[in-house]
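Examining the three-dimensional arrangement
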Amino acid sequence: MSVTQPASSRAAEILSRPVSINGLTVPNRIAMAPMTRMFSPGGVPGEDVVSYYGRRAAAGVGLIVTEGTYVGHDSAGQSDRVPRFHGAEQLAGWAKVAEAVHAGGGTIVPQLWHIGMVRKQGEPPYADAPAVGPSGIRVDGTEGTGKAMTQRDLDDVIGAFAEAAAAAERIGFDGVEIHGAHGYLIDQFLWAGTNRRTDAYGGDPVARAKFAAEIVAAVRETVSAEFPVIFRYSQWKQEAYDARLAETPEELEAILAPLAAAGVDAFHASTRRYWLPEFDGSDLNLAGWTKKLTGKPAITVGSVGLDGDFIKGFMGEGSPVKGIDDLLDRLERDEFDMVAVGRALLQDPEWAAKILAGRLDELKPYDAAALKTLS
Ligand SMILES: Cc1cc2nc3c(=O)[nH]c(=O)nc-3n(C[C@H](O)[C@H](O)[C@H](O)COP(=O)(O)O)c2cc1C
């Protein structure tokens with residue numbers, strides 16, 4: 001960094017470089033992190049959802065990762081207000097979202113989601129289906145509350161992810177993100193705390209990654225070769241913040257290598273604070289390690305532009321603005337390739353435009369009241 005260069009133009013210069021993920025060129029380094037909003041009654045994203053995403057693309061977000069959207073499996077979700085990625089009306093709604101994002105100059109992938117054992121009593125159309133998971137165990141350790149998946153269940157869910165990915169390509173999305181993070185179904189397989197299987201899908205890290213790898217392979221086989229497949233994962237779980245998939249880089253590599261081999265084009269490493277080193281003896285964060293271990297492009301996330309982490313946001317806490325110099329240093333060092341932004345973009349549709357134009361004094365603190373509207 002040149003000493004004389006103002007911070008604002010440095011941000012613009014570093015973040016406005018295009019980046020390739022398989023056959024897709026993303027116009028800059030800023031991604032919108034997936035954020036469940038529950039504004040889609042009947043699972044259908046309506047006009048308000050279309051303009052919510054369209055606005056952010058028009059204001060400079062290079063890649064939008066949509067909120068988690070349920071794949072077509074009876075146990076995939078529980079809320080009728082979470083958008084679904086199957087069904088004619090639902091997909092027609094999503095096609096309009098993709099169109100609006102493209103009109104704004106952005107690119108977009110849906111985040112394909114199955115909640116697994118997180119499912120509680122659902123609303124129609126999810127009311128009767130059982131919660132399913134690798135061993136019928138909830139993330140908090142409660143046993144016997146769900147169904148341990150049979151081979152038939154596994155095949156059905158794998159098929160549902162592949163179908164959703166095919167639909168994404170058909171209706172004009174630029175790729176897909178598979179939600180393998182935060183203690184939901186795929187992560188329940190990856191994590192030994194919820195995966196007690198003694199068949200080929202349980203045991204060591206490679207075995208625990210088998211279900212995820214089969215989903216990736218099925219998706220890869222269904223879509224065009226150049227269609228990007230992104231895989232999001234995390235160490236932490238929604239109901240167990242200190243949980244870890246991997247205690248060492250070697251363990252992490254054992255999990256990620258089969259996924260990369262199955263066809264992941266980029267990894268989205270979900271952390272709550274991007275500046276924290278993942279393992280002792282190195283400054284690399286989780287995305288940095290992911291890129292180093294797999295050689296694939298990596299997206300970082302976690303309190304970008306904000307001081308307080310998002311769990312506090314859920315509890316209704318706001319967060320002051322925080323500078324991004326350290327983030328820019330890491331991007332410049334190629335520690336990772338893209339930066340996903342959650343709450344700052346939820347709060348302010350113009351966040352990317354302000355950052356790219358150096359209007360840093362106009363950045364807004366996060367106020368949890370923003371969760372209540374789809375502005
Ligand atoms: C309201 C809200 C909803 C979220 N929903 C999802 C989701 O559907 N899928 C997902 O992978 N992460 C979800 N997250 C996590 C975000 O993608 C992101 O990783 C987290 O907010 C940290 O980024 P931030 O500090 O920039 O907000 C959600 C976060 C928030 C605040």
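Look up a bit, the structure's there.
To keep things clear, this report deals only with the structure shown in the data block. All figures in this text were calculated on a predicted structure; none of them were measured in a lab. (Residues numbered from 1 in each chain as written. Predicted model: local features only at pLDDT ≥ 70, side-chain atom pairs only at ≥ 80, totals over all residues. Heavy atoms only, no water.)

1. Things to note about the sheet that holds strand 12 (residues 338-341)
- Strands sit in the order 3-4-5-8-9-10-11-12 around a closed barrel of eight strands; the barrel is parallel. Adjacent strand axes in the sheet meet at a mean angle of 25°, parallel and antiparallel pairs treated alike.
- In this structure, strand 3 (residues 30-32) lies alongside strand 4 (residues 63-70), joined through two bridges in parallel fashion. The residue of strand 4 that forms the bridge with Met32 is Ile64.
- Taken strand by strand, helix 2 (residues 47-58) contacts strand 3 and strand 4, and its axis lies near 155° from that of strand 4.
- Its contacts with the sheet put helix 9 (residues 286-294) on strand 9 (229-237), strand 10 (266-270) and strand 11 (298-301), and the angle it makes with strand 10 is roughly 150°. (Pairing = 2+ DSSP bridges. Helix = DSSP H or I, 4+ residues; strand = E, 2+ residues; numbered from the N terminus. Axes fitted to C-alpha atoms, helices over the stretch in contact; angles between N-to-C directions. Contact = heavy atoms within 4.5 Å.)

2. What about the pattern of salt bridges?
- Applying the stated criterion across every chain, the model contains 22 salt bridges.
- Put simply, Glu143 and Arg196 hold a salt bridge, and the shortest N to O gap is 3.3 Å. Of this pair, Glu143 sits in the loop between strand 6 (132-133) and strand 7 (147-148) while Arg196 sits in the loop between helix 5 (185-190) and helix 6 (205-208), and the two are 53 residues apart along the sequence.
- Ionic pairing is found between Glu247 and Arg244, a salt bridge with its closest N-O pair at 3.1 Å.
- If you follow the salt bridges from partner to partner, you end up with Arg10, Asp325, Asp329 and Glu332 in one network. (Salt bridge = Lys/Arg side-chain N within 4 Å of Asp/Glu carboxyl O.)

3. Let's talk about helix 4 (residues 151-170)
- Helix length check: helix 4 (20 residues) gives 28 Å between terminal C-alpha atoms against 28 Å at 1.5 Å per residue, within 8%.
- Within helix 4 the residues assigned to the buried category are Asp153, Leu154, Val157, Ile158, Ala160, Phe161, Ala162, Ala164, Ala165, Ala167 and Ala168.
- Turning to helix 4, the residues buried within the fold contact helix 3 (88-103), strand 5 (107-113), strand 7, strand 8 (176-182), helix 5 and helix 7 (210-222).
- Where helix 4 terminates, the next one or two residues include Gly172, which has phi positive at roughly 100°. (Expected span 1.5 Å × (residues − 1). Buried < 20%, exposed > 50% of the residue type's maximum accessible area, 1.4 Å probe, protein only.)

4. Quick word on the nonpolar core
- If you look at the biggest cluster of nonpolar residues, it comprises 108 residues, and the most contacted ones within it are Phe85, Phe211, Phe231 and Trp351.
- At ten residues, the largest contribution of residues to this core is made by helix 4.
- Apart from residues lying up to four places away in sequence, Trp351 is in contact with Ile30, Val304, Val341, Ala344, Leu345 and Leu363.
- Counting 15 residues, the second largest nonpolar core, distinct from the first, contains Leu24, Ala33, Val109 and Ile299. (Core = buried A, V, L, I, M, F, W, Y, C linked by side-chain atoms within 4.5 Å.)

5. Digging into the environment of Ile14
- Structurally, the position occupied by Ile14 is in helix 1 (residues 7-15).
- It is 8.9 Å that separates the C-alpha atoms of Ile14 and Asn28, two residues lying 14 residues apart in sequence.
- If we skip the residues at most four places from it in the chain, Ile14 touches Arg29, Leu328, Leu331 and Glu332.

6. Thoughts on the packing of aromatic side chains
- Considering all chains together, one arrives at 13 aromatic pairs under this definition.
- Ring plane angle 90° and centroid distance 6.4 Å describe the contact between Tyr233 and Phe267, whose orientation is recorded as edge-to-face. In this pair, Tyr233 is assigned in strand 9 and Phe267 in strand 10, connecting sequence segments 34 residues apart. Like Tyr233, the residue Phe267 is buried in the burial classification.
- The cationic tip of Lys210 hangs over the ring face of Tyr201; the distance from NZ or CZ to the ring centre is 5.2 Å.
- The positively charged end of Arg343 is found above the aromatic ring belonging to Tyr366, 5.5 Å away from the centroid. (Phe/Tyr/Trp six-rings, centres within 6.5 Å; stacked < 30°, edge-to-face > 60°. Lys NZ or Arg CZ within 6 Å of the ring centre and 35° of its normal.)

7. Looking at the environment of Asp174
- Relative to the helices and strands, Asp174 resides in the loop between helix 4 and strand 8.
- You can call Asp174 buried: its relative accessible area is 17%.
- Distance in space between the C-alpha atoms of Asp174 and Val26 is 9.6 Å, their sequence separation being 148 residues.
- Leaving out residues up to four positions away in the same chain, Asp174 has contacts with Leu24, His102, Thr107, Ile108, Val109, Phe227 and Pro228.
- In terms of polar contacts, Asp174 uses its side chain to reach the side chain of His102, at 2.7 Å.
- A distance of 2.8 Å separates a polar side-chain atom of Asp174 from the backbone nitrogen of Ile108. (Polar contact = N/O pair within 3.5 Å; in protein donor to acceptor, adjacent residues only side chain to side chain.)

8. Considering the site of the ligand
- The full set close to the ligand counts 18 residues, and Pro34, Thr36, Arg232, Ser303 and Arg343 are the nearest of them.
- Between an oxygen atom of the ligand and a side-chain N or O atom of Thr36, the distance comes to 2.6 Å.
- Take Gly68: an N or O atom from its main chain is 3.2 Å from an oxygen atom of the ligand.
- Notes on the ligand: free accessible area 600 Å², of which the protein chains cover 95%.
- Those elements that place two or more of their residues in the shell around the ligand are strand 8 and helix 10 (310-314).
- Residues that form the shell around the ligand fall into these classes: eight nonpolar, eight polar and two charged. (Near = heavy atom within 4 Å. Areas by Shrake-Rupley, 256 points an atom, 1.4 Å probe, with all protein chains shown as cover. Nonpolar A, V, L, I, M, F, W, Y, C, P; charged D, E, K, R; others polar.)

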